[in-house]
Amino acid sequence: VVLVNTQTVTMFRGNSLDDFVGTDIADFFIGNDRDKLAQHMRARSLAAPGILDHYTATLRRLDGETFPAEIYACDIPFQGGVATQALVYDIVDRLKAEEALRQSELKFRTLIENINDIIYVIDTGGRFTYLSPGLERISAYTSGELVGKRFADLVYPDDLPNFIGPRTRVVG
């Protein structure tokens, strides 16, 4: 390591730039991710300068704590030679948010797929784009038969004004 910014010092819980200058970058990588680092460095050495490399790895802070990181790196001319410039992002919060979203989607999907009511989505043209599996449990239709069909085509024509008028709303 030749140069770091103050954000790197903070992210890796260092005290000063001196904590990093002269260290081996591989010391910040954990286990198999050291091999990943070596593979990426080898690939960049064979590529034209300036080609952006992107990967994720588990890194170690100076206090020993590990964290998942997203890394963007490229080789650049530096003091008559070539150096790797890297941007490192701590992605702990992003991964937690993605997991929370997956869990929320799973809960919602489980609810929708097991409820004994019919839940549907129609597009602006009044066509079904989604019908819950409850449709098949309480009617003679399957979701596949109705997706793409117009809601209005399933209502007796004389009942249509009473059925659609009060129930029409735009969701944005």
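Up top is the structure.
Rules behind the numbers
Within any chain, residue numbers begin from 1 and follow the written order of that chain's sequence. Per-residue local features of the predicted model are confined to residues with pLDDT of at least 70, and side-chain atom pairs are confined, for both listing and counting, to 80 or more; whole-chain, interface and lining totals are unaffected and use all residues. Only hydrogens and water are removed before side-chain values are computed, so all heavy atoms of the structure are retained for them. Starting at the N terminus, helices and strands are each numbered in turn, a helix being any DSSP run of H or I of at least four residues and a strand any DSSP run of E of at least two. Between the two quantities, the radius of gyration covers C-alpha atoms and the globule rule is 2.2 Å times the number of residues to the power 0.38. Any residue under 20% of the maximum accessible area for its type is buried, any over 50% is exposed, and the rest in between are partly exposed; the area is computed with a 1.4 Å probe on protein chains only. In what follows, residue pairs with any heavy atoms lying within 4.5 Å of each other are defined as contacts. Residue-level accessible areas treat just the shown protein chains as cover; the underlying method is Shrake-Rupley with a 1.4 Å probe. Positive residues here are Lys and Arg, negative ones are Asp and Glu, while His and the chain termini are left out of the count. To locate a charge, take atom NZ for lysine, CZ for arginine, CG for aspartate or CD for glutamate. Stacked, tilted and edge-to-face are the three classes assigned to paired rings of Phe, Tyr and Trp, where Trp is represented by its six-membered ring and a pair needs centres within 6.5 Å; plane angles under 30 degrees give stacked, over 60 edge-to-face, the rest tilted. Cavity: a set of points on a 1 Å grid over the protein atoms alone where a 1.4 Å probe fits but cannot get out. Pocket: an open set with protein on both sides within 12 Å along at least five of seven lines, its lining residues, like those of a cavity, having an atom within 4 Å of a point. Grid points are joined across faces, edges and corners, and a volume is the space filled by probe spheres set on the points. Gly is put with the polar residues, along with every residue not named as nonpolar or charged; the nonpolar set is Ala, Val, Leu, Ile, Met, Phe, Trp, Tyr, Cys and Pro, and the charged set is Asp, Glu, Lys and Arg.

(A) Molecular detail of the overall build of the chain. Looking only at helices and strands, one finds 6 helices and 5 strands in the chain. Along the chain direction, N to C, the helices and strands of the chain fall in the order α-α-β-β-β-α-β-β-α-α-α. Relative to the globule expectation of 16 Å for 172 residues, the C-alpha radius of gyration of the chain, 28 Å, shows a markedly less compact shape. When its C-alpha atoms are laid out on the principal axes, the chain stretches across 85 × 35 × 30 Å. By the burial criterion, 23% of the 172 residues in the chain qualify as buried. Summarising the internal contacts of the chain: among those between residues at least 6 apart in sequence, 28% fall at separations of at least 24. If you sum the accessible surface of the chain, you get close to 12,000 Å²; carbon and sulfur atoms cover 56% of it. The chain carries 18 positive and 24 negative side-chain charges, and their two centres are separated by 3 Å.

(B) Just the packing of aromatic side chains, in detail. For the structure shown, the criterion picks out 8 aromatic pairs. Ring geometry for Phe12 against Phe67: centres 5.5 Å apart, planes inclined by 70°, an arrangement best described as edge-to-face. Note that Phe12 is positioned in the loop between helix 1 (6-11) and helix 2 (32-46) and Phe67 in strand 2 (residues 66-78), a separation of 55 residues in sequence. Each member of the pair, Phe12 as well as Phe67, is classed as buried. When the centroid spacing of 6.0 Å and the interplanar angle of 85° are considered together, the rings of Tyr72 and Tyr89 count as edge-to-face. On the criterion of sequence distance, the pair formed by Tyr72 in strand 2 and Tyr89 in strand 3 (residues 81-90) is long-range, its members being 17 residues apart. By relative accessible area, which is 25% here, Tyr72 ends up partly exposed. Connected via pairs of aromatic rings, a cluster forms that spans Phe12, Phe20, Phe28 and Phe67.

(C) Structural detail: the layout of surface pockets. Looking at the largest pocket, its volume works out to about 940 Å³. Surrounding the largest pocket, 29 residues form its lining, Leu3, Val4, Thr84, Gln85 and Ala86 being those nearest its centre. Where the lining of the largest pocket is concerned, the elements lending two or more residues are helix 1, helix 2, strand 1 (53-60), strand 2 and strand 3. Among the residues forming the lining of the largest pocket, the class breakdown is 23 nonpolar, 5 polar and 1 charged.

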